[in-house]
Amino acid sequence: MLNEGFIRPSWDEYFMGITRMVAERSTCLRRQVGAIAVRDRRILATGYNGAPKGLAHCGEVGCLREERRVPSGERHELCRGLHAEQNVIIQAALHGISIQGSTVYCTDHPCSLCIKMLVNAGIEEIVYCGDYPDELASEIAKEAGIKVRQFNQGRNGP
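All of the points below concern the structure found in this document. Here the structure is a predicted model, which is why all the values come from computation and not from measurement. (Residues numbered from 1 in each chain as written. Predicted model: local features only at pLDDT ≥ 70, side-chain atom pairs only at ≥ 80, totals over all residues. Heavy atoms only, no water.)

This next bit is on the overall build of the protein chain. Across its full length, the protein chain holds 6 helices and 5 strands. Expected size for 158 residues packed as a compact globule is a radius of gyration near 15 Å; at 16 Å, the protein chain falls within 12% of this value. Oriented by its inertia axes, the alpha-carbon framework of the protein chain measures out at about 60 × 35 × 30 Å. Taken across its 158 residues, the protein chain has 43% of its residues classed as buried. Taking as baseline every contact in the protein chain between residues at least 6 positions apart, the subset at least 24 positions apart corresponds to 56%. Carbon together with sulfur atoms contributes 50% to the accessible area of the protein chain, which is approximately 9400 Å² in total. Here the protein chain carries 19 positive and 19 negative side-chain charges, and the mean point of each set is 3 Å from the other. (Helix = DSSP H or I, 4+ residues; strand = E, 2+ residues; numbered from the N terminus. Rg over C-alpha atoms; globule rule 2.2 N^0.38 Å. Buried < 20%, exposed > 50% of the residue type's maximum accessible area, 1.4 Å probe, protein only. Contact = heavy atoms within 4.5 Å. Areas by Shrake-Rupley, 256 points an atom, 1.4 Å probe, with all protein chains shown as cover. Lys, Arg positive; Asp, Glu negative; His and termini not counted. Charge placed at Lys NZ, Arg CZ, Asp CG, Glu CD.)

Below you can see the structure in the form of C-alpha cells.
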C-alpha cells in the first residue's frame, strides 16, 4: 500500500539533521557546533566543539572567551576547545579514515583556521547552516576551489 503523505528527507536534510544532533554533544558555553564528513552518502567521521579529551570542560572551569569578552570570530587561540571541524578531521585520522574528497556538513560556516585544515584534508564541499563572522574563510575556500553552500531547509538538492 502506497503512503501518499510520506515525505522522505533529502540527503542534505538527512545529513544536516545528524550534524545538528552531533552539535548537541558540544561542551562550549557560547556556541554548539557540529560537523560530519560524508563521502558517497556514508558518514566517515563526526566532530563537535569542546575541550580536548580528558581536560575539564568550560562548564566546569568557565569560559575564557567570556571572561575576556572576546568577540565571536576573533582570537581563536583564546579558547580551551577545539572546533567541530578540527575534531571531525582528528577523529577521522585517529581511526585511519581518509576524508579526502568528502563533503563536510557544519552547523556554522567554518572559520579561517578550520577552512585551512579542511583544504589540506582534501575536502571538496562544505555545506553549512549558520553564518560565522570570518570573511577570510570564504576567500580561502574560494581560492582553494572548495564548493561552499548554505543549507536551506527544503530547498537543497537530492
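Another point: the packing of helix H4 (residues 84–94) against helix H5 (residues 112–120). Contact pair H4 / H5: the axes reach a minimum separation of 9 Å and the direction vectors enclose 25°. Considering their axes alone, H4 and H5 lie roughly parallel with respect to each other. As for the relative orientation of H4 and H5, their crossing is left-handed in sense. Mapping the contact onto sequence places Glu 85, Gln 86 and Ile 89 in H4 and Cys 114, Met 117 and Leu 118 in H5. Here the residues of the contact of H4 with H5 are counted per class, giving 4 nonpolar, 1 polar and 1 charged. (Axes fitted to C-alpha atoms, helices over the stretch in contact; angles between N-to-C directions. Parallel < 35°, antiparallel > 145°, perpendicular 65-115°, else oblique. Left-handed = near helix turned anticlockwise from the far one by under 90°. Nonpolar A, V, L, I, M, F, W, Y, C, P; charged D, E, K, R; others polar.)

Counting 22 residues, the largest nonpolar core has Ile 99, Val 104, Ile 123 and Ile 126 as the members making the most contacts within it. Within the residue set of this core, elements represented by two or more residues are strand S1 (34–39), strand S2 (42–48), H4, strand S3 (103–108), H5, strand S4 (125–130) and helix H6 (135–144). Looking at this core element by element, the count peaks at 4 residues for H4. Look past the residues within four positions of Ile 126 in its chain and what remains in contact with it is Val 104, Cys 106, Pro 110, Ile 115, Leu 118, Ile 146, Lys 147, Val 148 and Arg 149. Counting 9 residues, the second-largest nonpolar core is a separate cluster that includes Met 16, Ile 36, Cys 129 and Phe 151. (Core = buried A, V, L, I, M, F, W, Y, C linked by side-chain atoms within 4.5 Å.)

Right, let's talk about the pairing of S2 for a bit. Bridge count for S1 against S2 is 6 bridges, and the pairing is antiparallel. Each residue of the ladder has a partner; that of Gly 34, found in S2, is Tyr 48. Hairpin connection of S1 to S2: 2 residues between the antiparallel strands, including Asp 40 at a positive phi of 55°. (Pairing = 2+ DSSP bridges.)

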